[in-house]
Amino acid sequence: MKIITFAGSSSKNSLNKKLAIYAASLFKNGEIEILDLNDYELPLFSVDIENDLGKPVIARAFLDKIRFAEIVVLSLAEHNGSFSVAFKNIFDWASRQDKIVFAQKPMLLLATSPGRGGGINVLEVAKISLPKYGGNIRATFSLPLFNENFDIENNRISNQEYDQKLREIVRNFETDS
């Protein structure tokens, strides 16, 4: 099963990327491909720039990665209660080529942050927005207090309660797929 996983962040040390990779690794028999939003950088979207650039190949490449996946595991960074600029920008560019950006692929949507909120606000924004663009959100998971609940050296959730919750979500996700 082909799993595309990425963080909605351009940070080289993204907490959300660490969580996304860990979550994707929990799927049995998953062939994981990790995307990096830094590979999909484009000028900030505007109609004027689109008129000059046309339909960028980079946006098409992003869409194609989603198309060839069977599952999308996305962990969103929360910037002021919403998407990061890096995620929103490739999302905007891609949606101009195909409004159904996420191609109705089953999605596991995640978020984490160093704070107690765990990115819950961006998950709420995503649950409203992404389905309009082909986001078939099957499950969500928020990990608060990343630095206390994630073991960076071993690349896994260290808090047993949260780890069990994510593992159960993945098991149910696999059963429903």
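Up top is the structure.
Keep in mind it's a predicted model, so treat the numbers as computed, not measured. (Residues numbered from 1 in each chain as written. Predicted model: local features only at pLDDT ≥ 70, side-chain atom pairs only at ≥ 80, totals over all residues. Heavy atoms only, no water.)

Participant: Residue-level account of the overall build of the chain, with values.
Facilitator: When helices and strands are tallied, the chain shows seven helices and seven strands. Reading the helices (α) and strands (β) of the chain from amino to carboxyl end gives β-α-β-α-α-β-α-β-α-β-α-β-β-α. The globule rule puts the C-alpha radius of gyration for 177 residues at 16 Å, and the 16 Å found for the chain is close to it. In terms of principal-axis extent, the alpha carbons of the chain reach across some 50 × 30 × 30 Å. (Helix = DSSP H or I, 4+ residues; strand = E, 2+ residues; numbered from the N terminus. Rg over C-alpha atoms; globule rule 2.2 N^0.38 Å.)

Participant: Can you lay out the sheet that holds strand β2 (residues 31-34) for me, pointing to particular residues and giving the numbers?
Facilitator: On the basis of which strands lie adjacent, the open sheet formed by five strands has the order β2-β1-β3-β4-β5 and parallel pairing. Two strands close off the open sheet at either side, each with one partner strand: β2 and β5 (136-143). Each strand of the sheet is rotated relative to its neighbour by a mean of 20°, with strand direction disregarded. Bridge analysis of strand β3 (residues 71-76) against strand β4 (residues 106-112) gives five bridges, and the strand direction is parallel. The partner of leucine 74 across the bridge, within β4, is leucine 109. Across the sheet, helix α7 (residues 160-176) is in contact with β3, β4 and β5; its angle to β5 comes to roughly 170°. (Pairing = 2+ DSSP bridges. Axes fitted to C-alpha atoms, helices over the stretch in contact; angles between N-to-C directions. Contact = heavy atoms within 4.5 Å.)

Participant: Break down the pairing of β5 for me, with residues and values.
Facilitator: Relative to β5, β4 is paired through seven bridges, and the arrangement is parallel. Considered in β5, the bridge of proline 106 is made with asparagine 136. Handedness of the β4-helix α5 (residues 120-129)-β5 crossover: right-handed. (Right-handed = clockwise from strand over helix to strand, strands pointing away.)

Participant: Run through the pairing of strand β1 (residues 2-8), naming residues and quoting values.
Facilitator: Counted residue by residue, β1 has seven buried out of seven residues, so it is predominantly covered. One ladder, built from four bridges, connects β1 with β2; its direction is parallel. Within β2, the position partnered with threonine 5 by the bridge is isoleucine 34. Of the crossover connections in this fold, the one passing from β1 over helix α1 (residues 15-25) to the parallel β2 is right-handed. Examined bridge by bridge, β1 and β3 share six bridges and lie parallel to one another. What sits directly across from glycine 8, in β3, is leucine 76. (Buried < 20%, exposed > 50% of the residue type's maximum accessible area, 1.4 Å probe, protein only.)

Participant: If you had to explain α7 to someone new, which residues and values would you point to?
Facilitator: Between its first and last C-alpha, α7 extends 24 Å over 17 residues, near the 24 Å set by a 1.5 Å rise per residue. Residues of α7 that are buried include every one of Asp163, Leu166, Ile169, Val170 and Phe173, and no others. For α7, the angular spread of the buried residues around the axis is 125°, confining them to a single face. The outward face of α7, more than 90 degrees from its buried face, is lined by the exposed residues Gln160, Glu161, Thr175 and Asp176. Each element contacted by the buried residues of α7 is listed here: α1, β3, β4, β5 and β7 (156-157). Capping the start of α7 is the job of one residue whose side-chain oxygen sits 2.9 Å from the backbone nitrogen of glutamate 161: asparagine 159. (Expected span 1.5 Å × (residues − 1). Arc of directions from axis to C-beta. Polar contact = N/O pair within 3.5 Å; in protein donor to acceptor, adjacent residues only side chain to side chain.)

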